[in-house]
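Descriptive analysis of the structure
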Amino acid sequence: MPLYELVCISRAALSQSAMAGLLKRSAETVLDRGGAVRGFVNMGRDQTLPYRMRRHMEYHTTGTYWLMHYYANPKTSGVLMSQLKLDPRVIRCNIVKVSDKLNEMVATTESIVTF
């Protein structure tokens, strides 16, 4: 399975429980379809956006940036994107394919242990 990176901007005024619910829903979408979540990265709360963004009939000037790294098949990424685009807590999101195989992520000087 390829490694993907979900880059997401959510609303700035979200409570901690609402943000946790958004992260949990994203992870459950991947896990329910046979994928694996590698981790989350918080890129900063209440940051000023590069330009004013309109989403769900509102304009946003600040947002919370976060990343999710996960392994899944390509169909799972499509389902995840469609769910996040409909979620009113999300301003923008994008999925980037980081690598196809484990060999591409590990430097060639390091050894890979296989079982």
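This text goes with the structure placed above it.
Described below are features of the structure shown in this document. (Residues numbered from 1 in each chain as written. Predicted model: local features only at pLDDT ≥ 70, side-chain atom pairs only at ≥ 80, totals over all residues. Heavy atoms only, no water.)

**Focus: the sheet that holds strand β3 (residues 58–71)**
Across the sheet, 4 strands lie side by side as β2-β3-β1-β4; this open sheet has antiparallel pairing. The open sheet has two edge strands, β2 (36–55) and β4 (90–99), and neither has a second partner. On average, each strand axis in the sheet is tilted by 20 degrees relative to the strand beside it, whichever way the strands run. Bridge analysis of strand β1 (residues 3–11) against β4 gives 8 bridges, and the strand direction is antiparallel. In the sheet register, cysteine 8 faces β4, and the bridge partner there is cysteine 93. Along the sheet, helix α1 (residues 16–32) contacts β1, β2, β3 and β4; its crossing angle with β3, the most-contacted strand, is approximately 40 degrees. Relative to β4, helix α2 (residues 74–86) is tilted by about 165 degrees, and along the sheet it contacts β1, β2, β3 and β4. (Pairing = 2+ DSSP bridges. Helix = DSSP H or I, 4+ residues; strand = E, 2+ residues; numbered from the N terminus. Axes fitted to C-alpha atoms, helices over the stretch in contact; angles between N-to-C directions. Contact = heavy atoms within 4.5 Å.)

**A short note on empty space enclosed by the protein**
On inspection of all chains with the given rule, the structure shows 1 cavity of 30 Å³ or more. When its volume is computed, the largest cavity comes out at roughly 40 Å³. Listed by contribution, the elements that provide at least two residues to the lining of the largest cavity are α1 and α2. By residue number, the principal contributor to the lining of the largest cavity is α1, which donates 4 residues. Its residues placed into classes, the lining of the largest cavity shows 3 nonpolar, 3 polar and 2 charged. (1 Å grid on protein atoms, 1.4 Å probe; cavity = no way out; pocket = protein on both sides within 12 Å on 5 of 7 lines; lining within 4 Å. Points joined across faces, edges and corners; volume = space filled by probe spheres on them. Nonpolar A, V, L, I, M, F, W, Y, C, P; charged D, E, K, R; others polar.)

**Some words on the nonpolar core**
Grouped together as the largest cluster of nonpolar side chains are 17 residues, with contacts concentrated most on Leu6, Tyr70 and Leu80. Breaking this core down by element, the ones donating at least two residues are β1, α1, β3, α2 and β4. Core analysis: the next-biggest nonpolar cluster, separate from the first, contains 5 residues, Ile9, Met53, Tyr65 and Ile91 among them. (Core = buried A, V, L, I, M, F, W, Y, C linked by side-chain atoms within 4.5 Å. Buried < 20%, exposed > 50% of the residue type's maximum accessible area, 1.4 Å probe, protein only.)

**Quick look at the packing of α1 against α2**
Packing of α1 against α2 leaves a shortest axis separation of 9 Å and a crossing angle of 155 degrees. Our classification of the angle between α1 and α2 gives roughly antiparallel. α2 is crossed by α1, and the crossing has right-handed handedness. Of the residues in α2, those in contact with Leu22, Arg25, Ser26, Thr29 and Val30 of α1 are Thr76, Val79, Leu80, Gln83 and Leu84. Taken together, the residues of the contact of α1 with α2 break down into 5 nonpolar, 4 polar and 1 charged. (Parallel < 35°, antiparallel > 145°, perpendicular 65-115°, else oblique. Left-handed = near helix turned anticlockwise from the far one by under 90°.)

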